[in-house]
Amino acid sequence: MPTPRFLVAVIGIGVAVVASVGAAGAQGLIATLMFKPHHSFAEEKTAAAADYTSDAAWAALPNAGEGGANGVPPVQTNVFFVYPTTYFSPQSWNAAFDNPGKGVGGAGVDSTLRNQACVFDKCCRIFAPRYRQATLFAFLDATGDGIKAIDLAYQDVQRAFDEFIAHRNGGKPFIVAGHSQGSIHLLRLIQERIAGTPLQKQLIAAYPIGAAVPADFNAIPPCRDAAQTGCLVTWNSVTDASNDRSRGGTVPIWLDGRYQTVGTRRLMCINPLDWHFDGAAPASANLGARVPTATAPVMKPGYAAAKCVDGLLVVDLPANRTDFRLQFGQPTSLHIYDYGLFYANLRENAAARVAAFASQR
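First things first, this report covers the structure right here in the doc.

### Considerations on the overall build of the protein chain
Within the protein chain, the secondary structure is distributed over five helices and 14 strands. When burial is assessed residue by residue, the protein chain has 60% of its 361 residues classed as buried. For the protein chain, contacts bridging at least 24 residues in sequence account for 76% of all contacts bridging at least 6. For the protein chain, the exposed surface amounts to about 13800 Å²; the carbon and sulfur share of it is 54%.

### Observations regarding the packing of helix α3 (residues 145–168) against helix α4 (residues 181–194)
α4 packs onto α3 with a crossing angle of 60° between their chain directions and a minimal axis gap of 10 Å. With respect to their mutual orientation, α3 and α4 come out oblique. Our pair here, α3 against α4, has a crossing hand that is right-handed. Residue-level contacts link Ile-150, Asp-151, Ala-153, Tyr-154, Gln-155, Val-157, Gln-158, Phe-161 and Asp-162 of α3 to Gln-181, His-185, Arg-188, Leu-189, Glu-192, Arg-193 and Ile-194 of α4. A class-by-class count of the residues in the contact of α3 with α4 yields seven nonpolar, four polar and five charged.

### As for the state of the cysteines
Enumeration according to the criterion identifies three disulfides in this entry. Listing the disulfide partners of the protein chain by sequence rank of the bonded cysteines yields 1-2, 3-4, 5-6.

### Considerations on the side chain of Arg-130
Following the sequence through the fold, Arg-130 ends up in the loop between β3 (124–129) and α3. For the buried Arg-130, which has no salt bridge, the nearest side chain bearing the opposite charge is Asp-110, at an N-O separation of 4.7 Å.

### Some details on the packing of aromatic side chains
Using the criterion set out here, one finds 20 aromatic pairs in the structure. Consider the rings of Trp-235 and Trp-275, whose centres lie 6.1 Å apart with planes at 65°: the pair is edge-to-face. On the criterion of sequence distance, the pair formed by Trp-235 in the loop between β6 (231–232) and β7 (237–238) and Trp-275 in the loop between β9 (258–261) and β10 (280–281) is long-range, its members being 40 residues apart. By the burial criterion, Trp-235 is buried, and Trp-275 matches it. One aromatic cluster is present, formed by Tyr-52, Trp-58, Phe-80, Phe-127, Phe-161, Phe-164 and Phe-174 through successive ring pairs. Sitting over the face of the ring of Trp-254, Arg-188 holds its NZ or CZ atom 3.7 Å from the ring centroid. When the ring centre of Tyr-343 is taken as reference, the NZ or CZ atom of Arg-290 above it lies at 4.8 Å.

### Things to note about the sheet that holds strand β14 (residues 312–316)
Note on sheets: strands pair through backbone hydrogen bonds, and any given pair is parallel or antiparallel. Taken in spatial order, the four strands of this open sheet run β7-β14-β13-β10, and their pairing is mixed. Of all strands in the sheet, those bounded by a partner on one side alone are β7 and β10. Relative to strand β13 (residues 305–309), β10 is paired through two bridges, and the arrangement is antiparallel. Opposite Ala-281, over in β13, you have Ala-306 as the bridge partner.

### Some thoughts on the nonpolar core
With 111 residues, the main nonpolar core has Phe-80, Phe-120, Ile-175 and Tyr-207 as its most contacted residues. The dominant element in this core, judged by the number of residues it contributes, is α3, at nine residues.

### Observations regarding the environment of Phe-80
Following the sequence through the fold, Phe-80 ends up in strand β2 (residues 77–82). Using a relative accessible area of 0% as the deciding quantity, one classes Phe-80 as buried. Counting along the chain gives 89 residues from Phe-80 to Asn-169, while the straight-line C-alpha distance between them is 9.1 Å. For Phe-80, the contacting residues outside a window of four places in its chain are Trp-58, Phe-127, Pro-129, Val-157, Ala-160, Phe-161, Phe-164, Ile-175, Val-176, Ala-177, Leu-186 and Leu-189.

### Section: the pairing of strand β4 (residues 174–179)
For β4, a buried count of six out of six residues is recorded, marking the element as mostly surrounded by other parts of the structure. Neither face of β4 is left uncovered, since the one carrying Phe-174, Val-176 and Gly-178 and the one carrying Ile-175, Ala-177 and His-179 both have all their residues buried. As paired strands, β2 and β4 are joined by five bridges and run parallel to one another. Across the sheet, the residue bridging to Phe-81 is Ala-177, located in β4. Bridge analysis of β4 against strand β5 (residues 203–209) gives six bridges, and the strand direction is parallel. When the sheet's bridge partners are listed, Phe-174 is paired in β5 with Leu-203. Once the chain exits β4 it traverses α4 before rejoining the sheet at β5, and the crossover so formed is right-handed.

Cut-offs and rules
Residues numbered from 1 in each chain as written. Predicted model: local features only at pLDDT ≥ 70, side-chain atom pairs only at ≥ 80, totals over all residues. Heavy atoms only, no water. Helix = DSSP H or I, 4+ residues; strand = E, 2+ residues; numbered from the N terminus. Buried < 20%, exposed > 50% of the residue type's maximum accessible area, 1.4 Å probe, protein only. Contact = heavy atoms within 4.5 Å. Areas by Shrake-Rupley, 256 points an atom, 1.4 Å probe, with all protein chains shown as cover. Axes fitted to C-alpha atoms, helices over the stretch in contact; angles between N-to-C directions. Parallel < 35°, antiparallel > 145°, perpendicular 65-115°, else oblique. Left-handed = near helix turned anticlockwise from the far one by under 90°. Nonpolar A, V, L, I, M, F, W, Y, C, P; charged D, E, K, R; others polar. Disulfide = S-S within 2.5 Å. Lys, Arg positive; Asp, Glu negative; His and termini not counted. Salt bridge = Lys/Arg side-chain N within 4 Å of Asp/Glu carboxyl O. Phe/Tyr/Trp six-rings, centres within 6.5 Å; stacked < 30°, edge-to-face > 60°. Lys NZ or Arg CZ within 6 Å of the ring centre and 35° of its normal. Pairing = 2+ DSSP bridges. Core = buried A, V, L, I, M, F, W, Y, C linked by side-chain atoms within 4.5 Å. Right-handed = clockwise from strand over helix to strand, strands pointing away.

Here it is as structure tokens:
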């Protein structure tokens, strides 16, 4: 039996843990002892739900009179962004909606938005709801409690999206994007709120990055070039697909009206260096990896090549690098760097798809 994927598959930028998902050995025991809530979901004192008509329920909103995050010039449209897991406390199955989480190293919601959501500030105003995110162990649980926690988190995301569409988007075409846990919620949102509805015609693109999306997912089509619209982009970054084949297989996602695991089904891979399904591209195609620093982020063009292998994005990292280090206990996973390694490419691509959508109309 292949070793299940590591916990890092469901955590966001700056969060790293050292246990494997559901492992029967010492690592699985460590994961249970460290992260499993001390009570059942039925015993949970559920935190109050957010009121998405209030600005306080949003982790990111465009500033008044400005077009996007960080005071960039006015832009053409909006992005609904769902951040990844920043909470893995055993104190509760779901965080309070205004609990930013801390993660290993202190990374929380605000840090994640700076490292991920702001990639869209060239094309879009950023709307990122706070939500009662499921704690990390929910994605490892086999009792059914984890699914209940994931479902509760999704209900918040769905209500936030409904408010976004009804009162904040202004009828504009839009992008949906996220990472890890956020992308898992987006996949269900696409199936329940977008695909087959009038909103599908307003969808510029979906970027549920870092989720285990089966290659035959057909709620909306996969993107097959850099300018296609109304399509879906996702990838899962690794250094070696041969040692990471079970990646995502045990993490539940919404398919066919229920939460289930992908198992051994092939995953979807859209290469962010050439935007082709199962594509491959050299390092020269990398417009810039974004390295967070203590002062300001540093962009590194030509940093790494990438190719899709068996549904995973295999990244050829520089041998002498001092950044984008592999996490302890994660021998091949680059999950927490899904955005950072291809930051400039993603930023330009989102703007290109917005422009393509506008020209088509």
